[in-house]
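Structure at a glance
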Amino acid sequence: DALFSNTTGSFNTATGEGALFSNSTGHHNTATGIAALGANTVGFYNTASGFYALGANTTGIHNSANGFYSLFANTTGSSNTASGLQALYENTTGSSNTANGARALYSNGKGTHNVALGSDAGYSAIDGYYNVFLGADVVGTAADTNTIRIGLAYDANGGGQNRTFIAGIAGAELTGPAKQVFIDADGQLGTQTAESGGGGGGILPPPALVQQVRDQQRRLRNQETTIADLRVRLARLEALVMSTAGSK
């Protein structure tokens, strides 16, 4: 039943029971495995390798699926690359996604321009776009969009990461305006604005320097108070001197 329904489709290769079974006019497809690209009708330039890889694809184009049930639910999504068991399994219309690893981007349905590297990387992301998930078990969340997640927080069992080495930062001088970067309790990086207490989003001084400035301001206020008191005393002394001179 490989290429069973083909009519005018050309330059197709099907190996396996039911591979490219429904293809009619689709062209330049390669299917290897039982039911690989089995529902494809007019889609073209697709490559599927594995049991039911791209099994539901109908009109999607420029997809590449390598692995058991990889890109299984894809129907019209295009330009996706999935490598690994059930990678991009639930993707239907999402396009321009890249998933490398078992169950990578498993739950993605309509999301686009996502990248996941590692077993279960991006597993929980659903319809987000322009996400990057790097590392095994960096599953993300269903609401992720425009998000970068790298690695896992270190745990008591030795899982995750507790050291980071990134080249190209130390010794790299910035030539333009810069902002100080902070990290919150959840591990998210970001800058601060005036609304969040960061003084307008510019470079923020470290806490020690802030305390030094506050101490100097306090000393300055004390000095101003002392000077004002001395001026009052001086005025009184001058008045006394003038009074004494007048009496003589």
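Preceding this paragraph is the structure being described.
In this report, we go over the structure that sits alongside the text. Keep in mind that this is a model prediction, so the values were computed, not measured. (Residues numbered from 1 in each chain as written. Predicted model: local features only at pLDDT ≥ 70, side-chain atom pairs only at ≥ 80, totals over all residues. Heavy atoms only, no water.)

A closer look at the side chain of N23
- With respect to the element layout, N23 can be found in the loop between β1 (13-15) and β2 (30-32).
- If sequence neighbours within four positions are ignored, N23 has contacts with L3, S5, N6, T7, G9, N12, N29, N40, T41 and G43. (Helix = DSSP H or I, 4+ residues; strand = E, 2+ residues; numbered from the N terminus. Contact = heavy atoms within 4.5 Å.)

Section: the environment of N57
- Examined against the element boundaries, N57 turns out to sit in the loop between β3 (47-49) and β4 (64-66).
- Note on N57: relative accessible area 0%, which makes it buried.
- The spatial distance from the C-alpha of N57 to the C-alpha of S78 is 9.7 Å, given a sequence separation of 21 residues.
- Within the structure, the side chain of N57 is placed 3.3 Å from the backbone oxygen of G60, a separation counted as a polar contact.
- Of the polar contacts made by the side chain of N57, one reaches the side chain of N74; its length is 2.7 Å. (Buried < 20%, exposed > 50% of the residue type's maximum accessible area, 1.4 Å probe, protein only. Polar contact = N/O pair within 3.5 Å; in protein donor to acceptor, adjacent residues only side chain to side chain.)

Describing a nonpolar patch on the surface
- Judged by side-chain polarity, I34, F51, Y52, F68 and L85 come together as a nonpolar surface patch covering roughly 390 Å² of accessible area.
- As for its placement among the helices and strands, I34 is situated in the loop between β2 and β3.
- Since its relative accessible area comes to 39%, I34 is described here as partly exposed. (Patch = residues over 30% accessible without salt bridge, like charges linked within 9 Å, V, L, I, M, F, W, Y side chains within 5 Å. Areas by Shrake-Rupley, 256 points an atom, 1.4 Å probe, with all protein chains shown as cover. Salt bridge = Lys/Arg side-chain N within 4 Å of Asp/Glu carboxyl O.)

Brief notes about the sheet that holds β1
- Strand order in this open sheet of nine strands is β1-β2-β3-β4-β5-β6-β7-β8-β9, and the pairing throughout is parallel. At either margin of the open sheet sits one strand with a lone partner, and together these are β1 and β9 (148-150). Adjacent strand axes in the sheet meet at a mean angle of 5 degrees, parallel and antiparallel pairs treated alike.
- Both β4 and strand β5 (residues 81-83) contribute to a ladder of three bridges, which runs parallel. Note that in β5 the partner of S64 across the bridge is T81. (Pairing = 2+ DSSP bridges. Axes fitted to C-alpha atoms, helices over the stretch in contact; angles between N-to-C directions.)

Details of the layout of surface pockets
- The volume enclosed by the largest pocket comes to roughly 990 Å³.
- For the largest pocket, the lining is made up of 21 residues, of which I148, R149, I150, G151 and G187 are closest to its centre.
- Sorting elements by how many residues they give to the lining of the largest pocket places β9 first, with three residues.
- When grouped by side-chain class, the residues that make up the lining of the largest pocket number ten nonpolar, eight polar and three charged. (1 Å grid on protein atoms, 1.4 Å probe; cavity = no way out; pocket = protein on both sides within 12 Å on 5 of 7 lines; lining within 4 Å. Points joined across faces, edges and corners; volume = space filled by probe spheres on them. Nonpolar A, V, L, I, M, F, W, Y, C, P; charged D, E, K, R; others polar.)

Let's talk about the side chain of S70
- Here S70 lies in the loop between β4 and β5.
- A polar side-chain atom of S70 sits 3.3 Å from the main-chain amide nitrogen of N66.
- When residues no more than four places from it in sequence are discounted, the contact partners of S70 are Y52, A53, L54, A65, A82, G84, Q86 and A87.

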